[in-house]
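Chain by chain, the residues run as shown.
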Amino acid sequence: MKKNSAIQAAVLDVSKIDRVVDLSLKPEFINRSKKESSTIKALKKKRKREQKDLEVNQIVNAIVEIVKENYLVLSVPDYNFTIGYASLTDYNTQKLPHKQFTHGQSVSATVMALPAPATCGKLLLLLKHLGDGVDTSSSKRARKKSSYDVGSLIQAEITEIKPLELKVKFGSGFYGRIHITEVTDDNSAESPFSDYRIGQTLASRIVSKGSKTKNIKGGHGCELSIKPSLLKGSGEPDEGLPSEEFNYTYGQRVSGYVYKVDSDWAWLTISRDVNAQLYILDSSCEPCELAEFQNRLRVGKALSGHIITVNKEKKLLRLVMQAPADACGELDEKNYDRRLTCHLVEGSTVGGRISKILPGIGGLLVQIDQHQYGKVHFTELTDSWVSNPLSCYQEGQFVKCKVLEITRGVMGVVHVDLSLRSAPDASRDLGSSELNGGMHTSIQHVDKITDLHPDMVVQGYVKNVSSKGCFIMLSRKIDARILISKLSDNFVENPENEFPIGKLVVGKVLSVEPLSKRVEVTLRTSSALKEPKSGNNPVDHISVGDIISGRIKRIQPYGLFISIDHTNAVGLCHVSELSDDHIEDLETQFKAGEKVTAKVLTVDKERNRISLGLKKSYFKDEEVQASPGQSHDSAIGINDTIMLDEPTVTSQRNSASMEITNNESDNGHQPILADAESRALVPPLEVPLDDMETSDIEGDVGQTLVPVTNADTTAGEKKKRGAKRKAREEREQEIRAAEERQLEKDVPRNTDEFEKLIKSSPNNSYPWIKYMAFMLSLADIEKARSIAELALKRISSQEESEKLNIWVAYLNLENEYGNPPEEAVKKIFVRALQHCDSKKVHLALLEMYERTEQHKLADELFGTTVRKHCNSCKVWLRRIQSLVDRKSDGVQPVVNDALKRLPQHKHIKFLSKTAILEFKCGVPDRGRTLFESILRQHPKRTDLWSIYLDQEIKLGEADMIRALFERAISLSLPLKKMKFLFNKYLAYEKSTGDEKRIESVKAKAIEYAENNLA
């Protein structure tokens, strides 16, 4: 060979890492290469013939061509010197001294893999001294001669111990495993593999054969068992093997071993083929154990539970730790939802996880199962009465709950009421600092209205408050009413500020009505509450003509309520008795808490009413001064304990005097039934919060006492007095009409009043939605859903707009309280599309998503909406509005797309409204561009010019405004349209106040008129 001469060589090996190509000049390789490289087709046929000749596991004789560091390059002479590659070491011999090989040495090797893409086109061989464990034809024949049938007793040697199985080998090259559930008969052992070691021989029985198992050497493995019950017998096949039928029932107790644990679930193996699931909240009811769920349930731990669901297809069980109720019996697949909650029993204790802290006094929403939630009432959060019971809870916290009540909603939804109190039936302690007047130091928790009685000390949280009083929650099902006169011993100027929702208060029961479920409570702690009822009528101490002093307690359109000093009495000064002159607005003349002096005009002892007067004419002949000898204490009797209510406004019309009623509890002479019957006579929605605390001012106002005139009163004075009386009567009639209108607008405050309102107008969506909002304020979400469903059934199908309002309210409800919200909203949305106009429903849902800033869902919904309603200008404008509000740059592509899909006659409307949106919320320059494009095609549309000018004027850029006006008035339009533009220009300049520019516009208008006339 000479330098730089051309030669032919065969490639034996390519090392990309070392960047080396090994070549051979042997004729047998070169000639073989020439024959194979004649054509590509011939090469493929040649390889196919070679692959057919060589077989996997075939032993061949090979010659060493190249010795590498970790492998050999071999040639197989018997197969046309095919090149193969063999490793020098394997996993078991990698640390042993390497055997030395030389070029040209003959070796015996086993074919392990034929050339294929997976082997990069290489023939892989295994040297004979490394493949002792490889099956040869002789070993295969020997294995076939041995017979191991299912049920046979064998001796197996442990080769590997894993957490859930033992790897074994037996016979001549047979491998198998012993599952952890095949060690003991009852799966009760905590560590069943602890007594075994590698190399130990066990007596086993084959229970299954032929299944492909992972990591079992030899490919085909057997399932073995070492259960004592199976090892008994003679060892004949199939003797004593258990049935493999899947036969599990509800409530059955089973045991297994944990093989997988994540944040919420633990998976157990019950047998070789049956698995089970255990939810985190079903594993324990103790919060500390639930928090350590993953650490507590390690892989291999033995666990027992009770079955609540069975899936025969997947051979999967659902377990709970506590035994379920026996009353459920065996449940089929159709009762899946019922099975999930059947193990929940009223009075049982379960583990829970706080899902949501409801706003205000809503309480908590607690997850007690994978798809089941329960509600904890605000009064069931803590053992003791605390001012802010929600402060010690946070979302995601584990809690221990007691099931109080389980009910089913209209749609079959299970509603569970829970309690977080450790002792729900015990008294709840209260610090002595929170009680005045020596009340008890502990308060009994009441669950039934029959547990309440007058003079009983109770405690509760403020639920609702208004200018007329408030409601408080005594327990989960009992609310009590407190009139404004019972809120405090002192004057309460602003009840909303002094008694915010959620405030803890202590009071005493005044009255209980079991039939109507009404409870009256007072928060007053003065001595008047504790002393016996006086036998004297308090009206007896007040006489007509007495001059009293007091403070204005409340201002109403019909008059003033005045609390008389040194007493608990409250009197009414009617609007006609406030002044000799007419007063338009009482609130500008009087203020709550203001000190006033009044004269007693009438005292009705039979009806316990009193009226007062503040007119100056009543005091002309009186000396109103406070002297030690004329104290009002002696006149009214301050030492006689008198506890009086505020007066009550009713719908009667025969008196203008003030009724004074005693505040003490019923003494038995007035039956409960009579009281309930009297309430039933009041028309719907006319029972306000203070139905026992308002005043009767309608009726015989003319009978109000008037100062007696002298005998020499002239006829003219009588005429004037008659005119005044007539005017006063007309004014009172107006007041009465206003009061009736206000009563009609009175908002219902309980379910009974809402039901009455709905019955009176079932096709009106407004009361239905108010009813839903009322239930949501009480955190009763399921009740709100049931009201929505009931409204959709009762509202007539002809009232499509009213039904749409209910659907929109339903969507908002599920968006706020659904679980999960996205799926719940989609279900309601699909239902709404079947009953209402598709475009209106789509737009309503789009608006909701945009309002709640769920932009991703809004974008997805818009894609669906625009496909169905691409010809709707409202749909495209809704999209533009959304993008503009988000300050997005994607407005122009949407405009271009809309112009392609919208009909031609809608283009001007769409572009003009889009431009207005840009001026208001977006980029004004984009709005100008849109207006200019419209005016370029329609220059004589004065309506477009007017809209364009209005937007520029609102923007306030004077130069742009005037330039636009100049362009507009330079157009050649009809006189009427030009007059409109000049008037608009002049009005703008007048608003700026520039006289020169005003004159300039006038001059241009005159010039245009002269030119036009000429």
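This brings us to unusual backbone geometry. One non-glycine residue, Cys 120, lies in the positive phi region at around 60°. One can find Cys 120 in the loop between β6 (106-113) and β7 (123-127). Since its relative accessible area comes to 67%, Cys 120 is described here as exposed. Notably, Asp 455 is not glycine yet its phi reads approximately 70°, a positive angle. As for its position among the elements, Asp 455 is in the loop between β24 (442-443) and β25 (457-466).

A separate point is the nonpolar core. Of all hydrophobic cores here, the largest spans 81 residues; its most connected members are Leu 845, Tyr 849, Trp 876, Ile 880 and Phe 910. Sorting elements by how many residues they give to this core places helix α16 (residues 800-817) first, with 8 residues. In this structure, Ile 880 is in contact with Val 891, Val 894, Val 895, Phe 910, Thr 914 and Leu 917, ignoring residues within four places of it in sequence. Residues Tyr 248, Leu 268, Phe 293 and Leu 317 belong to the second largest nonpolar core, which totals 24 residues.

Moving on, we come to the pairing of β25. Here β25 lies mainly inside the structure; 9 of its 10 residues are buried. In terms of strand pairing, β25 meets strand β28 (residues 504-513) through 5 bridges, oriented antiparallel. What sits directly across from Tyr 461, in β28, is Leu 504. Looking at chain direction, β25 and strand β26 (residues 469-473) are connected through 5 bridges and run antiparallel. By the bridge assignment, Ser 466 is partnered in β26 with Gly 469. Linking β25 back to β26 in an antiparallel pair, the connection comprises 2 residues.

Before going further, it helps to spend a moment on the confidence of the model for the protein chain. Summary statistics for the protein chain give a mean pLDDT of 76 and a share of 75% for residues scoring 70 or more. In the predicted structure, residues 141-146 sits below a pLDDT of 50 and forms 5 contacts with residues beyond four places in sequence or in another chain. Confidence over residues 527-535 falls short of pLDDT 50; this stretch has 15 contacts with residues more than four positions distant or in other chains.

Our next topic: the packing of aromatic side chains. One pass over the structure, following the stated rule, counts 15 aromatic pairs. Seen in terms of ring centroids, Phe 965 and Tyr 985 are 4.6 Å apart; in terms of plane orientation they differ by 5°. Their pairing is stacked. Of the two residues, Phe 965 sits in helix α25 (residues 958-969) while Tyr 985 sits in helix α26 (residues 975-992), which places them 20 residues apart along the sequence. Like Phe 965, the residue Tyr 985 is buried in the burial classification. Here the aromatic cluster, defined as three or more aromatic residues joined through ring pairs, consists of Phe 378, Trp 385 and Tyr 461. We note Lys 122 situated over the ring of Tyr 85; from NZ or CZ to the ring centre the distance is 4.8 Å. Between the NZ or CZ atom of Lys 260 and the centre of the ring of Trp 267, over which it lies, the distance is 4.9 Å.

What follows concerns the environment of Glu 28. Relative to the elements of secondary structure, Glu 28 occurs in helix α1 (residues 27-36). Of the residues examined, Glu 28 reaches a relative accessible area of 29% and is grouped as partly exposed. Spatially, the C-alpha atom of Glu 28 lies 9.5 Å from that of Pro 77, the residues being 49 residues apart in sequence.

With that out of the way, let us pick up the pattern of salt bridges. Summed over the entire model, instances satisfying the criterion amount to 39 salt bridges. Lys 68 is the partner of Asp 22 in a salt bridge, and the nearest nitrogen-oxygen pair spans 2.6 Å. Taken as a pair, Asp 22 in strand β2 (residues 20-24) and Lys 68 in the loop between β3 (59-67) and β4 (71-76) lie far apart in primary sequence, 46 residues in all. The exposure class assigned to Asp 22 is buried, which follows from its relative accessible area of 16%. In this structure, Arg 967 engages Glu 932 in a salt bridge whose closest nitrogen and oxygen atoms are separated by 2.8 Å. Here Arg 967, found in helix α25, pairs with Glu 932, found in helix α23 (residues 924-937); they are 35 residues apart in sequence, far enough to count as distant.

With mixed pairing, 5 strands are arranged side by side around a closed barrel as β18-β19-β20-β22-β21. Pairwise comparison of adjacent strand axes, ignoring direction, gives a mean angle of 50° for this sheet.

Relative orientation of the contacting elements α26 and helix α27 (residues 995-1013) amounts to 170°, with a least axis distance of 9 Å. With respect to α27, the axis of α26 lies roughly antiparallel. Counted together, Leu 975, Met 978, Phe 982, Tyr 985, Leu 986, Glu 989 and Lys 990 of α26 and Arg 997, Ile 998, Val 1001, Lys 1002, Lys 1004, Ala 1005, Tyr 1008 and Asn 1012 of α27 form the full contact between these two elements. Residues of the contact of α26 with α27, tallied by class, amount to 9 nonpolar, 1 polar and 5 charged.

Moving on, we come to the environment of Lys 1002. Position of Lys 1002 among the secondary structure elements: in helix α27. Its relative accessible area of 36% is what places Lys 1002 among the partly exposed residues. Along the primary structure Lys 1002 and Asn 983 are separated by 19 residues, whereas in three dimensions their C-alpha atoms are 9.3 Å apart.

Moving on to a nonpolar patch on the surface. A contiguous nonpolar surface patch, about 350 Å² in accessible area, is contributed by Val 11, Val 14, Val 21 and Leu 23. Listed by contribution, the elements that provide at least two residues to the nonpolar patch are β1 (10-15) and β2. The residue Val 11 is located in strand β1 in this model.

Pairing between the strands of a sheet is mediated by backbone hydrogen bonds and can be parallel or antiparallel. One closed barrel holds the 5 strands; their spatial order is β13-β14-β15-β17-β16, and the pairing between them is mixed. In this sheet, neighbouring strand axes are inclined to one another by 50° on average, regardless of whether the strands run parallel or antiparallel. For strand β15 (residues 275-279) and strand β17 (residues 316-320), the ladder comprises 4 bridges, and the chain directions are parallel. Residue pairing in the sheet places Gln 277 in a bridge with Arg 318 of β17.

Definitions and limits used
Residues numbered from 1 in each chain as written. Predicted model: local features only at pLDDT ≥ 70, side-chain atom pairs only at ≥ 80, totals over all residues. Heavy atoms only, no water. Helix = DSSP H or I, 4+ residues; strand = E, 2+ residues; numbered from the N terminus. Buried < 20%, exposed > 50% of the residue type's maximum accessible area, 1.4 Å probe, protein only. Core = buried A, V, L, I, M, F, W, Y, C linked by side-chain atoms within 4.5 Å. Contact = heavy atoms within 4.5 Å. Pairing = 2+ DSSP bridges. pLDDT = per-residue confidence, 0-100. Phe/Tyr/Trp six-rings, centres within 6.5 Å; stacked < 30°, edge-to-face > 60°. Lys NZ or Arg CZ within 6 Å of the ring centre and 35° of its normal. Salt bridge = Lys/Arg side-chain N within 4 Å of Asp/Glu carboxyl O. Axes fitted to C-alpha atoms, helices over the stretch in contact; angles between N-to-C directions. Parallel < 35°, antiparallel > 145°, perpendicular 65-115°, else oblique. Nonpolar A, V, L, I, M, F, W, Y, C, P; charged D, E, K, R; others polar. Patch = residues over 30% accessible without salt bridge, like charges linked within 9 Å, V, L, I, M, F, W, Y side chains within 5 Å. Areas by Shrake-Rupley, 256 points an atom, 1.4 Å probe, with all protein chains shown as cover.

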